[in-house]
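# Coordinates in review
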Amino acid sequence: QAIMASGLGWSLMRNCWYADCIDVHPVHELTVPIRHALRTGEWLTAANGGQTGYVVREDSMRAAAAALLSGGRPFGAYEITGPQALSVVDVARDVEDVFGRTINVILLDREDFMRRLIADGVDPFIATMVADNELTARQGRVDLITDDVERLTGTKPRSLRQYLIDNKSKISAT
């Protein structure tokens, strides 16, 4: 609000969840769903059908660079998303296809999901944060899809499936 009231030109970039957040997280394996799913065959979620417009981080960076170089959209915002909104079941199917593993998606409510994280050693603060992220998806607050990446960069954003393919060896090594 202070930026908007300043009288200066401004542009904001609102990035959807990064695709790599589902395979890289330093806190605990259960907060890294792909690692846990590949090891155990289970993907725990409280998102229960909610969808997310995962964006590949490099696509977001290319869009930011393009916005800076072009002078941006004065007094406006860019919604930086991937090409499609996916549920956890959709993502698990992509993981199955790319990695050749069967993944059983286990749907939990927020409280049971949080209890499971804490019981498996996740700090309660982090468990709450992760559960709240799942709830955000469940409530449909991260399912927006735009063409802002393509409009800024001239190329379509990569899909989460393509991200998995491109990073298969790195993800498999963890």
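Residues take numbers from 1 onward in each chain, read along the sequence in its written order. pLDDT decides what is reported in this predicted model: residues at 70 or higher carry local features, side-chain atom pairs at 80 or more are listed and counted, and totals for whole chains, interfaces and linings draw on all residues regardless. Side-chain metrics in this entry use all non-hydrogen atoms of the structure; hydrogen atoms and water are not considered.

What follows covers the overall build of the protein. Helix and strand definitions follow DSSP, with helices as H or I runs of at least four residues and strands as E runs of at least two, each counted in order from the N terminus. For the protein, the count of helices and strands is nine helices and four strands. From first element to last, N terminus to C terminus, the protein shows the α and β order α-β-α-β-α-β-α-β-α-α-α-α-α. Relative to the compact-globule value of 16 Å for 174 residues, the protein shows a C-alpha radius of gyration of 17 Å, a close match. Across its three principal directions, the C-alpha atoms of the protein cover 50 × 35 × 25 Å. Relative accessibility under 20% of the residue-type maximum defines a buried residue, over 50% an exposed one, and the middle range a partly exposed one, all with a 1.4 Å probe and only protein chains included. Sorting the 174 residues of the protein into buried and exposed places 42% on the buried side. Every residue pair with non-hydrogen atoms within 4.5 Å of one another is taken to be in contact. Partitioning the contacts of the protein with sequence separation of at least 6, the portion at a separation of at least 24 is 79%. Accessibility throughout is a Shrake-Rupley quantity obtained with a 1.4 Å probe, and a residue counts as covered only by protein chains that appear here. With an accessible surface of roughly 9000 Å², the protein has 54% of that area assigned to carbon and sulfur atoms. For this count, His and the chain ends are skipped, Lys and Arg are scored as positive, and Asp and Glu as negative. Where a charge lies is defined by one atom per residue type, namely NZ (Lys), CZ (Arg), CG (Asp) and CD (Glu). Charge centroids of the protein, computed over 19 positive and 23 negative side chains, lie 2 Å from each other. With C-alpha atoms as the basis for the radius of gyration, the globule rule is written as 2.2 Å multiplied by the number of residues raised to the power 0.38.

Before going further, it helps to examine the side chain of Arg110. For Arg110, the position within the fold is in helix H5 (residues 110-119). Apart from residues lying up to four places away in sequence, Arg110 is in contact with Ala46, Thr128, Ala131, Asp132, Leu135 and Arg138.

Another point: the packing of aromatic side chains. The way to describe two aromatic rings as a pair is by their centre distance and the angle between their planes. Between the rings of Phe, Tyr and Trp (Trp by its six-membered ring), a pair exists once the centres lie within 6.5 Å; its type follows the angle of the planes, with under 30 degrees stacked, over 60 edge-to-face, and the other angles tilted. This model, assessed by the stated rule, comprises zero aromatic pairs. Lys168 extends its terminal NZ or CZ atom over the ring of Phe99, reaching a point 6.0 Å from the ring centre. We call a charge positioned over a ring when the NZ of a Lys or the CZ of an Arg lies within 6 Å of the ring centre and within 35 degrees of the ring normal.

Bringing the nonpolar core into the picture now. Formed by 25 residues in total, the largest nonpolar core has its most connected members in Ile34, Trp43, Val91, Val95, Leu160 and Leu164. For this core, the secondary structure elements donating two or more residues are helix H2 (33-40), helix H4 (88-99) and helix H8 (160-166). Here this core gets six residues from one element, more than from any other, and that element is H4. Beyond its immediate sequence surroundings of up to four residues, Val91 is in contact with Ile22, Trp43, Tyr54, Leu86 and Leu160. Side-chain atoms within 4.5 Å are what join buried Ala, Val, Leu, Ile, Met, Phe, Trp, Tyr and Cys residues into a set we call a nonpolar core.

By themselves these figures say nothing about function.
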